[in-house]
Amino acid sequence: MDKFQNRYTRFGFVSICIGSIALVVLLSRCSTSFFDYSLQKFEFSFPDTELLRRNVYTTNAGVVVDSRDVSQQILSLRSTTNSSVTLQSKPEKLNRRDLVEEGLAKARASILEASSSSNRNNTTTTLFKIDLPNPDIYRNPSALHRSYLEMEKRFKVYVYEEGEPPLVHDGPCKSVYAVEGRFITELEKRKTRFRTYDPSQAYVYFLPFSVSWLVRYLYEGNSNAEPLRTFVSDYIRLVSTNHPFWNRTNGADHFMLACHDWGPLTSKANKDLFNTSIRVMCNANSSEGFNPAKDVTLPEIKLYGGVVDPKLRLSKTLSASPRPYLGFFAGGVHGPVRPILLKHWKQRDPDMPVYEYLPKHLNYYDFMRSSKFCFCPSGYEVASPRVTEAIYSECIPVILSVNFVLPFTDVLRWETFSVLVDVSDIPRLKEILMSISDEKYEWLKRNLRSVRRHFELNDPPKRFDAFHLTLHSIWLRRLNLMLT
């Protein structure tokens with residue numbers, strides 16, 4: 001009998017071991033499948049021919065939700081949550097990484113709840129009106145407001161400390177690429193609530209190299225970006241060797257930031273950086289691998305001298321400035337779009353002054369302040385500081401571009417403060433602009449004034465400005481990523 005019991009015990013022990021191994025293998029496969037599925041399943045509904053038209057969030061139940069119609073999804077979420085609570089007989093103590101994922105799940109549910117305006121109380125409504133006074137310019141203002149509050153409550157960024165300035169932990173703050181240096185500076189050298197020095201509490205991890213400075217110090221002038229890619233490849237190898245975080249997710253919860261045109265090219269240094277990580281870039285060209293489901297468009301803000309040109313600063317004079325010109329453009333002929341614009345409109349119509357290069361005795365910003373619409377054609381790359389300059393000068397941006405994912409399209413309705421014109425319609429530009437009624441023009445201009453603060457770099461940063469809205473875009477991408 002004792003022999004039988006011992007044999008039975010050994011058999012049970014072996015069975016448990018085999019079963020445990022099988023369970024571990026199964027869970028590891030499920031984890032990988034779920035991770036791949038979450039990246040594939042989530043999308044921002046970005047058709048080739050139109051802007052993003054909806055916000056999409058992924059619930060902790062793994063459901064992709066269209067934020068314009070969330071009532072049924074909320075009920076589904078609640079029933080799923082209640083079912084999971086019923087099944088849990090005893091709550092387990094969560095480690096810090098699990099607490100991060102639990103916080104994200106709560107944030108997703110909270111954002112879904114907020115998408116229904118009927119759930120607002122008086123306090124929430126008051127805060128909403130203060131923070132987002134013009135709801136017309138947002139895709140889903142209720143979801144954005146709650147998401148932003150959740151970000152302020154939870155979001156933490158860990159900045160890798162490896163590397164030395166100027167290539168790492170530094171960047172330009174007084175140039176056309178100023179937003180790159182300003183972001184690094186604000187995150188590293190200021191006391192921001194969003195930085196954590198404890199990597200186990202981080203929601204995302206920042207690779208703080210500056211592509212602009214890599215070009216400045218490593219580029220040898222022979223159109224060869226290999227030294228830049230070598231540096232980035234070596235840097236990722238260094239942090240992935242020193243820390244477990246990159247290898248844990250193949251870089252999916254990491255982000256790089258670059259405003260230089262070579263940002264996308266540099267990101268090809270590592271296949272996971274290009275395909276999996278969050279790439280925050282000014283040069284957001286969807287035909288060159290920019291994926292709006294995981295990547296973020298950085299607004300290009302020119303700050304020569306470190307500040308906005310005095311002519312573009314917000315003032316009563318700017319708002320009351322007369323607008324005798326219908327449209328305006330001045331710039332070099334390069335890229336596929338500008339030659340078309342200049343071919344049809346260069347010095348052809350006194351109502352629409354279009355120059356290849358502005359004569360020296362004329363002032364570029366005076367023309368912007370004197371025009372109703374400012375043409376913003378892509379050059380060599382899709383991004384241009386003209387877009388933000390047009391916003392600053394209260395000159396309605398006319399977007400002339402192909403494959404350009406505009407900044408903050410996940411939350412902003414660009415059609416409410418700009419005019420989107422297909423490149424094939426450039427010969428009809430005047431006809432299109434003349435068809436816009438005075439009433440609609442004034443509506444566009446009012447919205448343009450409201451959206452300005454989202455494209456401003458403040459010192460120190462202010463809520464809902466370009467720094468914080470860029471962080472919010474990163475936060476949205478992290479909300480979509482559910483790690484097991």
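Residues numbered from 1 in each chain as written. Predicted model: local features only at pLDDT ≥ 70, side-chain atom pairs only at ≥ 80, totals over all residues. Heavy atoms only, no water.

- Named according to an unreviewed UniProt entry, the chain is Probable glycosyltransferase At5g25310 originating from Camelina sativa.
- Looking at the Sequence similarities (unreviewed entry) heading of the UniProt record, one finds this comment for the chain: "Belongs to the glycosyltransferase 47 family."
- Here the chain is described in UniProt, under the heading Subcellular location (unreviewed entry), as follows: "Golgi apparatus membrane". (UniProt positions renumbered as here; feature names shortened; annotations may be inferred.)

Observations regarding the pattern of salt bridges
Side-chain pairing between opposite charges can occur once the charged atoms of the two side chains come close.
Stage number 1. Under the defined criterion, the tally for this structure stands at 23 salt bridges.
Stage number 2. Notably, a salt bridge pairs Arg 96 with Asp 198, separated by 2.1 Å at the nearest N-O pair. Linking Arg 96 in helix α3 (residues 96–114) with Asp 198 in the loop between β4 (195–196) and β5 (204–206), this pair joins segments that are 102 residues apart in sequence.
Stage number 3. Among the residues examined, Arg 96 registers a relative accessible area of 45% and is labelled partly exposed.
Stage number 4. A salt bridge links Lys 302 to Glu 389, with the shortest nitrogen-to-oxygen separation between them at 3.1 Å. In this pair, Lys 302 sits in the loop between β8 (296–297) and α12 (316–319) while Glu 389 sits in helix α15 (residues 386–392), placing the two residues 87 residues apart along the sequence. (Salt bridge = Lys/Arg side-chain N within 4 Å of Asp/Glu carboxyl O. Helix = DSSP H or I, 4+ residues; strand = E, 2+ residues; numbered from the N terminus. Buried < 20%, exposed > 50% of the residue type's maximum accessible area, 1.4 Å probe, protein only.)

Observations regarding the sheet that holds β5
Stage number 1. Pairing is parallel in the open sheet, where 6 strands are placed in the order β4-β3-β5-β6-β7-β8. Each edge of the sheet is formed by a strand with only one pairing partner; in this case those strands are β4 and β8.
Stage number 2. When strand β3 (residues 157–159) meets β5, the two strands line up parallel, connected through 3 bridges. Across the sheet, the residue bridging to Val 157 is Val 204, located in β5. (Pairing = 2+ DSSP bridges.)

Things to note about the packing of helix α5 (residues 141–154) against helix α18 (residues 466–480)
Stage number 1. Running from amino to carboxyl end, α5 crosses α18 at an angle of 90°, the nearest separation of the two axes being 10 Å. Here α5 lies roughly perpendicular to α18, going by the angle between them. Residue-level inspection shows Leu 144, Ser 147, Tyr 148, Glu 150, Met 151 and Arg 154 of α5 in contact with α18, the latter providing His 468, Leu 471, His 472, Trp 475, Leu 476 and Leu 479.
Stage number 2. Its residues assigned to classes, the contact of α5 with α18 comprises 7 nonpolar, 3 polar and 2 charged. (Axes fitted to C-alpha atoms, helices over the stretch in contact; angles between N-to-C directions. Parallel < 35°, antiparallel > 145°, perpendicular 65-115°, else oblique. Contact = heavy atoms within 4.5 Å. Nonpolar A, V, L, I, M, F, W, Y, C, P; charged D, E, K, R; others polar.)

Brief notes about the pairing of strand β12 (residues 396–400)
Stage number 1. Along β12, 5 of the 5 residues are buried, which leaves the element largely enclosed by surrounding structure.
Stage number 2. Residues of β12 alternate between two faces, with Ile 396, Val 398 and Leu 400 on one and Pro 397 and Ile 399 on the opposite face, all of them buried.
Stage number 3. Where strand β11 (residues 371–377) meets β12, 5 bridges bridge the pair, whose relative direction is parallel. The residue bridging Cys 374 from the neighbouring strand is Pro 397, located in β12.
Stage number 4. The β-α-β motif built from β11, the intervening α15 and the parallel element β12 has right-handed crossover chirality. (Right-handed = clockwise from strand over helix to strand, strands pointing away.)

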